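Single-letter residue listing:
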Amino acid sequence: KHITIMGLGLNGGGLAAVRFFLQKGAYVIATDMKTEEQLKPTVDALNADKSLPLENLTLRLGEHRIEDFENADCVIKNPGVKYEGNKYLAAAKAIETDLSVFLRFTNSPIIAVTGSKGKSSTVSAIHYGLNQAGYKCYLGGNITVSPLTFFDEVNQDTPVVIEFSSWQLADLR
């Protein structure tokens, strides 16, 4: 598959998506309006990961190209990117997010938390409580950990606690 990741970014979500899709055998274009210099920590992390088939990765930094969206089997959209008036997303055949991909393909029990205040505290408390009760569980979502980072470590017996922002919820079907 050919995957375009819109928004490589600095907060880990784009990096997790690039790693996930490269490890699954996809050809990946990571595109961001920020320059390589601005994205240096993320670019350095990718280049340092010798387990990745970097020959299947194209970094398109400082610009977006419409053909990268038209030719992709799927575009992975950063939650901060808006649909409205976005000619690149309008050209995409399919649009997903790291959370929507995780939710579509995992068989883990999900504990989801959203709201206007207290989400991070609540998911952290739930995660802590599950760990104290003896469950091996994972924490992700808006709390800055993409669930794609632990996708291969979870199964139907592994609870996953996810914090959803309103932006992330808006992207789900």
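Please refer to the structure placed before this passage.
From a predicted model like this one, the values you see are computed outputs, not experimental measurements. (Residues numbered from 1 in each chain as written. Predicted model: local features only at pLDDT ≥ 70, side-chain atom pairs only at ≥ 80, totals over all residues. Heavy atoms only, no water.)

## Looking at the overall build of the protein chain
- From N to C terminus, the protein chain includes seven helices and eight strands.
- For 173 residues, the compact-globule estimate of 2.2 N^0.38 gives 16 Å, and the protein chain sits close to it at 16 Å.
- The principal-axis extents of the C-alpha atoms in the protein chain amount to approximately 50 × 40 × 30 Å.
- Looking at the protein chain as a whole, 46% of its 173 residues qualify as buried.
- Within the protein chain, counting contacts between residues at least 6 apart in sequence, those at least 24 apart form 63% of the total.
- Summed over all atoms, the accessible surface of the protein chain reaches about 9200 Å², with 51% contributed by carbon and sulfur. (Helix = DSSP H or I, 4+ residues; strand = E, 2+ residues; numbered from the N terminus. Rg over C-alpha atoms; globule rule 2.2 N^0.38 Å. Buried < 20%, exposed > 50% of the residue type's maximum accessible area, 1.4 Å probe, protein only. Contact = heavy atoms within 4.5 Å. Areas by Shrake-Rupley, 256 points an atom, 1.4 Å probe, with all protein chains shown as cover.)

## Let's talk about the layout of surface pockets
- Within this model, the largest pocket holds a volume of roughly 450 Å³.
- Around the largest pocket sit 26 residues that line it, and N11, G13, N78, P79 and Q168 are the ones nearest its centre.
- Where the lining of the largest pocket is concerned, the elements lending two or more residues are β1 (2-6), α1 (13-23), β4 (74-77), α5 (98-105) and α7 (166-170).
- No other element matches α1, which puts three residues into the lining of the largest pocket. (1 Å grid on protein atoms, 1.4 Å probe; cavity = no way out; pocket = protein on both sides within 12 Å on 5 of 7 lines; lining within 4 Å. Points joined across faces, edges and corners; volume = space filled by probe spheres on them.)

## A few points about empty space enclosed by the protein
- In this structure the tally under the stated criterion is one cavity of 30 Å³ or more.
- What the largest cavity holds in volume is close to 30 Å³.
- In terms of lining residues, the largest cavity is bounded by P79, T97, D98, L99, Q168, D171 and L172.
- Across the lining of the largest cavity, the residue classes tally to three nonpolar, two polar and two charged. (Nonpolar A, V, L, I, M, F, W, Y, C, P; charged D, E, K, R; others polar.)

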